[in-house]
Structures are given as C-alpha cells and as structure tokens.
Amino acid sequence: MSVKILAIESSCDDTGAAVLVDGKVLSNHIANQKVHEQYGGVVPELASRAHQENIVPVVDIALQTAGVKREELSAIAFTQSPGLIGSLLVGSCFAKSMAMALDIPLIGVHHMQAHVLANFIDDPKPDFPFLCLTVSGGHTQIVLCESPLRMRVIGETLDDAAGEAFDKSAKILGLPYPGGPLIDKYAQTGNPDRFKFTEPRIPELNFSFSGLKTGILYFLQENQQKNPDFIQQNLPDICASIQQRIVSILLNKVVKAAEETGIRDIAIAGGVSANSGLRKTLELYGQKHHWRTFIPKFEYCTDNAGMIAITAYYKFLAGDFAALDVVPTARAAF
C-alpha cells in the first residue's frame, strides 16, 4: 500500500503544502507573504492572519498538482516547532482537524530536523553518519546525523544566527528587507578581498556573529565620515567582503568538525544554504578536503513543506505519530 502524506509548513511567514508518495515529493507549493516588507521584518500577527487566508488554497493546489485525493492520504504532517507560535497554531489546528476528519495519523515535525532531511528529497543522498551545517535567520548549527531520526547538535551560535548577520549587515548598508539575498546579489560583481573583517575566535564548534556585525557598523561609520558616498561607491565590494567573512566563519568550523569526527559526508541546509557564495565555497572546500558535499535544490533551502513531507515519511515508517492533543512550541531542541 502506498504511503501518501500531506505536509503543512507554517513556522514563519510562508504558507507551504506538499504531497509525498512513497518517499517522492510530487508537489511543493508555497504562498509568500509580501506584507512584511514595509516593516523591515516579519510581523507575527500579520503572518498568522495571512496563514489563515492562504492555507486552504495552498493545500488544494498541492493535492491537485500531485493528483492525490484527500481520502487517499495516509497521514497529515505539520511543523510542530520551532517558529512563531501564532503561525504554528494555524498549521497545527488545520492539520489536526483534517487528520481527525479523515481518521488518519497525525505527524508533528521539528522544523530544523526537516531542513537537514531536505538533503534526502533528491539524489544523491549523503550516507550516515554525516555532518550538516544548518544556517537560517534563526539558527546556525552543526548537526551530527546518525540516522533520519537521530541527530545531535555539536556546535551552534552563541548569539546571532548567520541569516541575522546577513540581514542586519544589509540593514546597516541601507538595503531593504529581506537584505540577505541582496548582499548575495551585489557580491556577485564585487571583490571579496577588498575589505577585511575580523573572524571571531570562538571555542569548540560554536559560532558568534555579534562581533562581526559591530565591526561592520564601525567600519562603515568611520569610512562614511571621510566620504558620505562610501557605501554607494563601494557597495559590491562591501557586500562581497561581508559575504566572504560570514562564509569563512561557517566553513572553518565545519572543517574542524570534520577533523574531529572523521566524517567526510558534509551537507548544508536552511535558508542561508541558498546563498551562492556558501554553495560555491562548500564545493571548493569539498575538493580541498576530499569531502562528498550535498546541497539541496534552491526550492528546498528556504522554508517549504517538501522538507516537512520527507521528514514525516521517515517518522511514518517508524510509527512515530502525534496525539491529537499535541501542542506546537515556539522553541524546541532537537
């Protein structure tokens, strides 16, 4: 009997629905929310309202695209944690109601575990154990993955996440929200060696980006005092230099983790894994250190329901179901 799973992702500001059949994602639809751009960041209450408007049409499109009827579904999966609590409640309540109506199992999924397993949606797939650098607006972690459902964090940020470092740097530069992709865009034509930013010395496998952010702020203030048009005249080089430093901070820790564990299968995941500088540099590091590297397709890097679906598939096979009284949580460890 085929395993057919409808997955819902509503952890932040994008409403996603995907349908998976026997381990293959057949549809992955996302409704983006543009309302937050004018505020320079995600407004939780507006995000929740938008999820309520989008979830029914998004689910309908995902089912139609996959050619799967509601009564054929084997289970309903949803993002249980972490995320914005109002947004999570919209997805969890919808999933619970649908699972109850269809009398099928409910599967709660950890958002960051799903980012890691996005590397299993398409071939080639890493072998266990492997290391995954998960980088997003809210998380920066090195995860040791022993099986689809057994993972442990061996390094993480002590303050800002890598995605925050990109977005906050963009804000300092006067770029609109979301600024991370714009830094990547301008960096394409810039010289990454033009300006030097300090790499923090953080013990073990942990990260810190708060000092880098402060260093960038002081650097720009100092140069703007000398030349008010400094940012405008040097934007590509500034963006390329910032991006290079953030990427080196991330991957130098991955090198250390690979040396300590002896693991040579290295993956990246999360929204920042869509950054072209990180993707290219990971491949270069892979060649240098003789790693096998794995990078999800762009559509599976940022928040999406396809990654929720593949995680739910492994949980379905393990019989790891949630009760109908399960509650979403804004914060949760692996």
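For clarity, every value in this text was computed on a predicted model and none was experimentally measured.

## Some thoughts on the overall build of the protein
For the protein, the helix and strand inventory stands at 9 helices and 10 strands. A compact globule built from 334 residues should have a C-alpha radius of gyration of about 20 Å, and the protein, at 20 Å, falls within 12% of that. Taken along its principal axes, the extent of the C-alpha atoms in the protein is 65 × 45 × 30 Å. Looking at the 334 residues of the protein, the share that counts as buried comes to 53%. Nonlocal contacts in the protein, meaning residues at least 24 apart in sequence, comprise 73% of its contacts between residues at least 6 apart. Within the structure as shown, the protein displays about 14,900 Å² of accessible surface, and the carbon and sulfur contribution to it stands at 51%. When the 29 basic and 35 acidic side-chain charges of the protein are each reduced to a single mean position, those positions are 4 Å apart.

## Let's talk about the sheet that holds strand 2 (residues 15-21)
Sheets are built from strands paired through backbone hydrogen bonds, the pairs being either parallel or antiparallel. Pairing is mixed across the open sheet formed by 5 strands, whose spatial order is 3-2-1-4-5. Two strands close off the open sheet at either side, each with one partner strand: strand 3 (24-31) and strand 5 (106-110). Each neighbouring strand pair of the sheet contributes to a mean axis angle of 20°, computed without reference to strand direction. Alignment of strand 1 (residues 4-9) against strand 4 (residues 75-81), held across 4 bridges, turns out to be parallel. Bridging from a neighbouring strand, Ile8 pairs with Phe78 of strand 4. Docked against the sheet, helix 1 (residues 44-66) engages strand 1, strand 2 and strand 3, running at close to 25° with respect to strand 2. Sheet strands in contact with helix 2 (residues 85-102) are strand 1, strand 4 and strand 5, and its direction is about 155° off that of strand 4.

## Quick notes on the packing of aromatic side chains
Taken as a whole and assessed by the stated rule, the structure comprises 11 aromatic pairs. Geometrically, the ring pair formed by Phe120 and Phe130 is tilted, given 5.8 Å between the ring centres and 45° between the ring planes. Highlighted residues: Phe120 in the loop between helix 3 (111-117) and strand 6 (130-135) and Phe130 in strand 6, separated in sequence by 10 residues. Looking at Phe130, the relative accessible area reads 0%, which means it is buried.

## A few points about the sheet that holds strand 9 (residues 265-269)
With mixed pairing, 5 strands are arranged side by side in an open sheet as 8-7-6-9-10. Each end of this open sheet is capped by a strand with a single partner; those strands are strand 8 (150-156) and strand 10 (292-294). The average angle at which neighbouring strand axes cross in this sheet is 25°, direction not considered. Pairing between strand 6 and strand 9: 4 bridges, direction parallel. Looking across to strand 9, one finds that Thr134 is bridged to Ala269.

Cut-offs and rules
Residues numbered from 1 in each chain as written. Predicted model: local features only at pLDDT ≥ 70, side-chain atom pairs only at ≥ 80, totals over all residues. Heavy atoms only, no water. Helix = DSSP H or I, 4+ residues; strand = E, 2+ residues; numbered from the N terminus. Rg over C-alpha atoms; globule rule 2.2 N^0.38 Å. Buried < 20%, exposed > 50% of the residue type's maximum accessible area, 1.4 Å probe, protein only. Contact = heavy atoms within 4.5 Å. Areas by Shrake-Rupley, 256 points an atom, 1.4 Å probe, with all protein chains shown as cover. Lys, Arg positive; Asp, Glu negative; His and termini not counted. Charge placed at Lys NZ, Arg CZ, Asp CG, Glu CD. Pairing = 2+ DSSP bridges. Axes fitted to C-alpha atoms, helices over the stretch in contact; angles between N-to-C directions. Phe/Tyr/Trp six-rings, centres within 6.5 Å; stacked < 30°, edge-to-face > 60°.

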